[in-house]
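# Working through the structure, step by step
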Protein chains: 2
Amino acid sequence: MADLTSFFNPGSVAVIGASRSPGKIGNVIVKNLIKSGYRGKIFPVNPKEAEIEGIPCYPSIERAPEPAGLAIISVPAAKVLEAAEECGKTGVKYLVVISAGFKETGKEGLELERRLVETCKKYKMRMLGPNCVGFMDTHVPINASFAAGFPMKDEIAFISQSGAMVLSILDWSFQAGLGFSKFVSLGNKAELTEAHLIEDAAEDPYTKVILCYIEDVENGPHFLEVARRASRKKPVIILKSGTSQAGAQAASSHTGALAGSDLAYETAFRQCGVIRARSMPELFDLAVAFACQPVPKGEKVAIITNSGGPGIVATDNVELKNLKMARFTKETLNELRSYLPPESNIYNPVDVLGDAKADRYRFALEKVLADPGVDSVVVLVCPAGVTEPLETARTMIELGKAYPEKPLFAAFMGGERLHGGVRALSEAKIPCFTFPEPAISAISGLVGYARTRERPQKEEVFNFKDLDKKIVKAIFYDVKKDNRLVLLGSEAAEVVAAYGVPVAPTVLSSSPEEAAGQADKIGYPVVLKIASPKIMHKTDVGGVKTGLATHDQVKAGFIEIMDNVHRYLPRVSVYGVEVQKMMPKGIELIIGVTRDVQFGPLIAFGLGGIYVNLLKDVSFRLTDGLSPREVINMIAETKAYTLLRGYRGEKPADIKAIIEIIGRVAKLVNDFPEITEMDINPVFAYNKGACALDVKITIS
Amino acid sequence: MADLTSFFNPGSVAVIGASRSPGKIGNVIVKNLIKSGYRGKIFPVNPKEAEIEGIPCYPSIERAPEPAGLAIISVPAAKVLEAAEECGKTGVKYLVVISAGFKETGKEGLELERRLVETCKKYKMRMLGPNCVGFMDTHVPINASFAAGFPMKDEIAFISQSGAMVLSILDWSFQAGLGFSKFVSLGNKAELTEAHLIEDAAEDPYTKVILCYIEDVENGPHFLEVARRASRKKPVIILKSGTSQAGAQAASSHTGALAGSDLAYETAFRQCGVIRARSMPELFDLAVAFACQPVPKGEKVAIITNSGGPGIVATDNVELKNLKMARFTKETLNELRSYLPPESNIYNPVDVLGDAKADRYRFALEKVLADPGVDSVVVLVCPAGVTEPLETARTMIELGKAYPEKPLFAAFMGGERLHGGVRALSEAKIPCFTFPEPAISAISGLVGYARTRERPQKEEVFNFKDLDKKIVKAIFYDVKKDNRLVLLGSEAAEVVAAYGVPVAPTVLSSSPEEAAGQADKIGYPVVLKIASPKIMHKTDVGGVKTGLATHDQVKAGFIEIMDNVHRYLPRVSVYGVEVQKMMPKGIELIIGVTRDVQFGPLIAFGLGGIYVNLLKDVSFRLTDGLSPREVINMIAETKAYTLLRGYRGEKPADIKAIIEIIGRVAKLVNDFPEITEMDINPVFAYNKGACALDVKITIS
C-alpha cells in the first residue's frame, strides 16, 4: 500500500523556510542535506535570500526550476498551510512538516492541522509531521531533518513518535557503535503514521530490524494488519510508553475491570507478532541482537565461561527468561573431557577455568557450536591473569562464521583489560555485553521471534453456518426501544443462543402462575432470578432462589423473590422473574468481552464464579481475526486450563466445546459493534459439552 | 562479635610462598602490597630467596623479625597445612589462604580443608579462603590479593563468593567510575563467611553500602542474625545466584511443593531487610545510588524533562516500580506557571521544553526540590539544539547540595554532546544514566530500604502461655514407636490443639459402634474419614462421608468407608475411621510449614482448599523470630486477605484469630524440630474465630 520509496529517495528536495543563519532550523536542514551526501537537487526557498550554503535560493517553490519530489516545510505554523498549498499546486508528492504549533498546542492548532491534512488530501500528498524532526536514510543517503549528525550506516530502522528520542538516540548511537538504515520522527502523525512507516520498512531491502517508539496508535485495525504482515518478514520491536495512564477506567463488567488500559496494546502486539521492549535499554539490546545475529532454531542455550560465578548467573537467567540449558551429546562431552583439564566442568555451563587461554575457548566453542542440541551460545570472559581477550574474541569471530545459523553472544566482564576483545567483537557484529544478563535477555527475544515466525501463514479460521443474526437484531431493536442499554438475562441468553452458544434455558415470567407453567415446560429443578437491569448483585437482595423442584415451589418462590426485592429496593423497576433450568455444576469459567477504543473487542477467558476479580486468572485476545489456534493458546495461558485438563484425577473437560463458545462469542461481537461489554459468568464446562449460565450484555 | 579491624589493618603481613618471578601469584601479592601503599611491614617468606621486590625475604615465618599480624598463604595445597601450623605457632592471628585444591576438588580436598579449619581453631586464627583472590581495603590502604589493580577509594564494600567476579568488577570499576572501601574474595568460606564480613562492614566507618555476591549460605541462623542487624545500619545489597537449581524438590505436602529452592533465600532476605539485586547491572546501579544519594523520606518522585517522550517513559516506570508521582503544591504550580513558557507542562513530569537552557532547568529544579510533597527528583536531558548539558549539570550539583535530604538522579540521554555534563555529575556523585529506567529503579531501591529501616527496633513478639509440650511429646513418642513418620489426622489435630490452635474435634474409632458412640459425644452432624497414613487423597478412594446426622448413619458410614477402601486399596494398612465434628463452612485457608536446610522452618499462608496448588496464592515467612507485624504483612500479601476483609459485601473474617493460629503453629515447629512438614488445609475463617479442619504433620 504505502510505497514510500520516493519519499525516502526523492529526485529533488525543496526546503521551504531555508535560512542563511547558522543554528536556525532552516539552515541546519539545508546543511544536513548537503552533508549527508544526498545526490538529488536541493531547492532552498526563501524570498529574502539569493543563495544559501552556496546553492541558489528561490523566492517560492513555484519558482524552483523543476517540481520538487519532496518539500520540507519549516516556516511558522501560520504560514504552513499556504506553503503546503503551493507545494500541492507545483506537484510535490511528499511533505515533511517540521513546524510546530499544531495539535500539540490546543484547539486552534488542531483545526490548523485538520486543514493541513485536507490540503494534503486535495493534492494527494503524503505528509510526515507536523511538529517533527524529519527523517534520515543512510542508504539513499539523505538527511531531511534538523538533527545534529547523521547516523552510521546499518540495517536498523528507528521510527519514533518522540522527536527528542530521535535526537537522543542519534547522539548516543555513535558511542554505542550502533548504525541505522533509517531514522524517522513521526511528530503529530497527522497523515503518515507508524503503520505506514512500518509497512514501508518491512519492504526496505536495507532494513533488517524495525524499531519503534510510540505513545499511542490511533487506527488500531490498520496498525494490526500492517504489523502482522511486517513481523512475518522482519522483527518489529516496539517500546510503547504511556502504560501508566491506566487511571480510573469506568467499567461495569468483570471483563472491563480486568482489562487495564495497557492490555489492548499488550494483546495487540502479541497477536500480531510484535516484540515488545519493556525499557529503552532492552529496545536497543534487542535491536543489536536482531541486527547482528540470526534467529535461532530453538531455545537451547550453551554457556562457556572461565569462571563459575558468572556461569551460574547466566544459567539462572536462562531459566528466568524461559530458555533451556542445552544438554550436550555424548560425543561432545567425550571430546570436551578429552581435551579440557580434569577440573573443568564439561557439562553446560562449560567452565574452561580461570587459566584458560584462547585455545581452550576455541576448543570448547567449536565442539559446543557443532553440537546439534545447541541453538545458541554465550561466551563469558573474566579477566584472570592469563586471559587472552583479543585472541578469544578473534576465535569467536572465526567460529561464529562457521556456524552462521547459531546466534553467538559474549559477555566480557571487565573494563580496560578486555577492551581489545570487546572492540573486535563489536566490529564483527557479535554483540558483547559487560554482564551476562542482557545477552540471555537478547537470546530470549530472538527465540520469541522465532516462535512468532513459525505461525502458519494462513490461519485456520472459525466458520459457523448456524448463526441467526435476525434474532439478535430483533432483540437489540426491542431493548433500544425500551430505552435500555443492559439486556435482561433472558434476552442475553437468547442472543448468545442465536449464535449457537449452549445456554441454560431461560425465560422471563411476570406472574407466579406463568413462572410455574414455564418451569413445567423447562423441566425441574429450576432457578428463579429477579429480572431487572438495575440490579447487579441479585443474591444480595434476595432475588435468587435455587433448586426449586415443583410447580408449587416455583409459585411460592416467585412471590418470595418479589417480596424481597420490594423490601430491599422499593423503587427499582422490575421486569419479572426469570425461570432458568438448573444445570449440573461444572468447572466455572468466565468468557467475556470488553471493547478498546483503538483495537476493538477484546475477549477474555478464565476461571469464573464470584471470585473472578479476586483470582484474576484471565487471558485476553482481540477478536479481530481470532483463530482456533489462538484460542487454544489463550486457554492454555490460564490456570483454568489446568482444571479443564483434569485436575487431581478428575476427568478432562470438553475443551473443544469451550473453544467453540469463544469463537461464537467473538463472531457475535464482531458482527454487532453495538455490544460494548458482555460477561458470561459462569460458563460450566462439563466432561462433555458446556453451558452458559448467566449472560450479561450491554449495548450502546 | 567478628571484629576484623586488625584483619583488614594488620601491623605486618607475611607472604608465604612469595616469589621473585613476575606474573607468579606469590610475586603479584608482594607487589600489590607495596603498590597499594600499605604502611605496615611486609615479610616475604621463601626459603630460596634472600630478597623479593627489594624487601628482605625469610626462609620461614618463624624467622621473620617479629610475629606477623596477617599471613597470606600461596603455596601448593599440600603445603598449606604446614604453613598454617607454623603461622599458628608464631602467633599469627589472621590467614588469607589463596591456594586452591581444597573442597572444590572433591573428597580429599574437603578433608584437607577440614584439617585446615581445625588448625585455625587450635591457634584461634581466623581465615579467609582457601581458594580465594584475597582482599583489598582502600582506606587502610592494603592490597592483600593477586588482583591486577587497586580500586578507587570510596564507600562501597564488595564481598564476593566468586573470585572471578572480584577480578571482573575491579577491572570494570575504573571505566565505570566506581570506587570501593573494601573488596573481599570469600573463596571456599571454610572459616570466615559472608556473615562475618557483613558484620564487620556494618561497623566499618568507611563503608556506607555493603554489596554481596553469594551462591549459598551455610549457616542460615547466623546469616539472618547478622544481616538483620547490619541492614538496620546500612544497606546490604545481595545478588544471590543459583536460583535456577530448583530441580526436583521432593515434597509430600502442599506447602513443600509451593516452596521453591529459592524461596527460603527470598524470604530470608526480605525478613532481615536485605535488598536483593536481580541482576549484576542492578547490583551496581543500586550500589551507586546508595553510595551517592540519601535515602528519601517517601515514595513521591518528581521528574523534570526537556521532552515529552522520555518523560512518559520515566512516568511509566515510576508506577511500574511501585513509586508515586509527586503532586505539587499550589505554590509550586503557581511559580512554575509564572516563569516557564506557557506550552510547558507544569504538572509532574515537568516539561521545560526542547529549547530549555540551564536557567529554565534551574528554576524548575529549585521549585520542585523545595516542594514538601517531593521526596526525590530525576532530571532528564535530551540533546536538543540549545541544550546546555554542562551548565545544567552544574545547576543540579549546586541545587542538590541545597537539598541534601532529597535524592537527585539524572538521565542524560545521548552521547558525546552530553559528555561534559555526565562527567561533572559523576564527579559530584549525582548518579547519571543514559536512559530513565535505571534511575527510577535505583530510587525504588532507596525507597524500599527506607521502609525497611522504619521497622521498629524491638518487635513485639508472640507470647503464648497455654502451650502443652507434654501432649505433643507423648504423641510424637507413640508415632515414632509405631514406626511412622506421618501422623494420623486425629493425632495431628491433638498436637495443634495442644498448642492452642482451634481444631474441629476429631477422634479415631475402630468399629462402627465406637464411631457412633463418639459421634454422639461430639454432636451431629459429623464427618467420617478413613485413617491411614498411606492414603493421601481420601475422597478418591471413597474414604470420606460428610453430613452424617444420626447414630445409625455413622454406623453405616463406617462400614461403607471400610468397604470402599478395602475394594480400592486392599493391601493398605488402615488404623480405623476418624470421626470429626462437621464445622460450618468458612473462608478456606491453608497454613503450612516446610523446612529449609539453611534457614529452618518456613510458614505459609494463603487460599486453601483443593485448588491450593493451582491458585498458588500463598505467602511465606521464616518462623525464626516471627512477629505479629510480620504475620500481618504476610497475610496482606495474599488474595486471601481480600476475602478475609470482606469481599463483595461479606462481613470481614476474624483476622486476629488467623494471626494467632499462625503464631502458634510457628511456635510449635520452632519447639519441635522433628516436624519436617505440616499442612493445615483447610482452616476455616469465620466472622468470629477460626477452625482447623484437616491437619497433616510429618516428623523425622
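Above this text is the structure in question.
Bear in mind that the values here come from a model prediction, so they are computed numbers and not experimental data.

## Let's talk about the packing of aromatic side chains
For the structure shown, the criterion picks out 44 aromatic pairs over all chains. Their ring planes at 80° and their centres at 5.1 Å tell us that F8(A) and F135(A) sit as a pair that is edge-to-face. You can see F8(A) sitting in helix α1 (residues 5-8) and its partner F135(A) sitting in strand β8 (residues 134-137), a full 127 residues away along the chain. Among the residues examined, F8(A) registers a relative accessible area of 2% and is labelled buried. Ring centres of F435(A) and F284(B) lie 6.0 Å apart, and the angle between their planes is 10°; on these two criteria the pair is classed as stacked. One end of the pair, F435(A), is in the loop between β20 (432-433) and α16 (436-453); the other, F284(B), is in helix α10 (residues 280-292), on a second chain. Within the aromatic cluster, the residues linked to one another by ring pairs are F158(A), W172(A), F180(A), F183(A), F284(A) and F435(B). Sitting over the ring of Y265(A), K240(A) keeps its end group 4.3 Å from the ring centre.

## Describing the pairing of strand β22 (residues 526-531) of chain B
Residues and elements named next belong to chain B. The buried fraction of β22 amounts to 6 of the 6 residues, a majority that puts the element mostly inside the structure. Where β22 and strand β23 (residues 544-548) come together, 3 bridges link them in antiparallel fashion. By the bridge assignment, K529 is partnered in β23 with V544. Across 6 bridges, β22 lies against strand β24 (residues 576-581) in antiparallel orientation. Counterpart to K529 in the pairing with β24 is E578.

## Overview of the environment of E637(B)
Residues and elements named next belong to chain B. When you line up the elements, E637 lands in the loop between α22 (628-636) and α23 (639-644). When the C-alpha positions of E637 and S619 are compared, they lie 6.5 Å apart, and in sequence the two are 18 residues distant. Residue contacts for E637: discarding those within four places in its chain leaves R270, S619 and R621. There is a polar contact of 3.3 Å between the side chain of E637 and the side chain of R270. Only 2.6 Å separates the side chain of E637 from the side chain of R621, close enough to count as a polar contact.

## As for the relation of the copies chain B and chain A
Both copies of the chain are related through a single rotation about an axis accompanied by a shift along the same axis. Relative to chain A, chain B is turned by 180° and slid 0.1 Å along the rotation axis, the superposed coordinates differing by an RMSD of 0.1 Å. In the structure described here, the two chain copies are related by an operation that fits a two-fold rotation axis. Looking at the rotation axis and the C-alpha trace of chain B, the residue lying nearest is L615(B), at 3.9 Å. Most of the interface of chain B is mirrored in chain A, where 100% of its interface residues are also at the interface.

## Here we look at the sheet that holds strand β11 (residues 179-185) of chain A
All names here are of chain A. Pairing in this open sheet of 7 strands is mixed, and the strands run β9-β8-β11-β10-β12-β13-β14 from one edge to the other. One side of each edge strand has no neighbouring strand; the edge strands of this open sheet are β9 (142-145) and β14 (275-276). By the bridge criterion, 3 bridges tie β8 to β11 in an arrangement that is antiparallel. Paired with F135 across the strands is V184, a residue of β11.

Cut-off values and rules
- Residue indices begin from 1 for each chain and proceed along its sequence in written order.
- To label them, take the chains in the order written and letter them from A, then take the ligands in the order written and number them from 1.
- Only residues with pLDDT of at least 70 get local features here, since the model is predicted, and only at 80 or more are side-chain atom pairs given and counted; chain-wide, interface and lining totals rely on the full set of residues.
- Where side-chain values are given, they derive from all heavy atoms of the structure, hydrogens and water being excluded.
- Centres within 6.5 Å make a pair out of two Phe, Tyr or Trp rings, where for Trp the six-membered ring is used; the pair is then stacked when the planes are under 30 degrees apart, edge-to-face when over 60, and tilted otherwise.
- Starting at the N terminus, helices and strands are each numbered in turn, a helix being any DSSP run of H or I of at least four residues and a strand any DSSP run of E of at least two.
- For every residue, the accessible area obtained with a 1.4 Å probe (protein chains only) is divided by the maximum for its type, and the residue is called buried under 20%, exposed over 50%, and partly exposed between those limits.
- Placement of a positive charge over a ring is assigned whenever Lys NZ or Arg CZ falls within 6 Å of the ring centre and within 35 degrees of the normal to the ring plane.
- Any two strands between which DSSP finds at least two bridges are classified as paired.
- By the convention used here, residues are in contact when the closest approach between their heavy atoms is within 4.5 Å.
- Contacts described as polar in this section are N or O atom pairs within 3.5 Å, which, within protein, must combine one atom able to donate a hydrogen with one able to accept it, while residues neighboring in sequence count only if both atoms come from side chains.
- A residue counts toward the fit only if its pLDDT is at least 70 in both copies, and the copies are then superposed by least squares on the C-alpha atoms of those residues.

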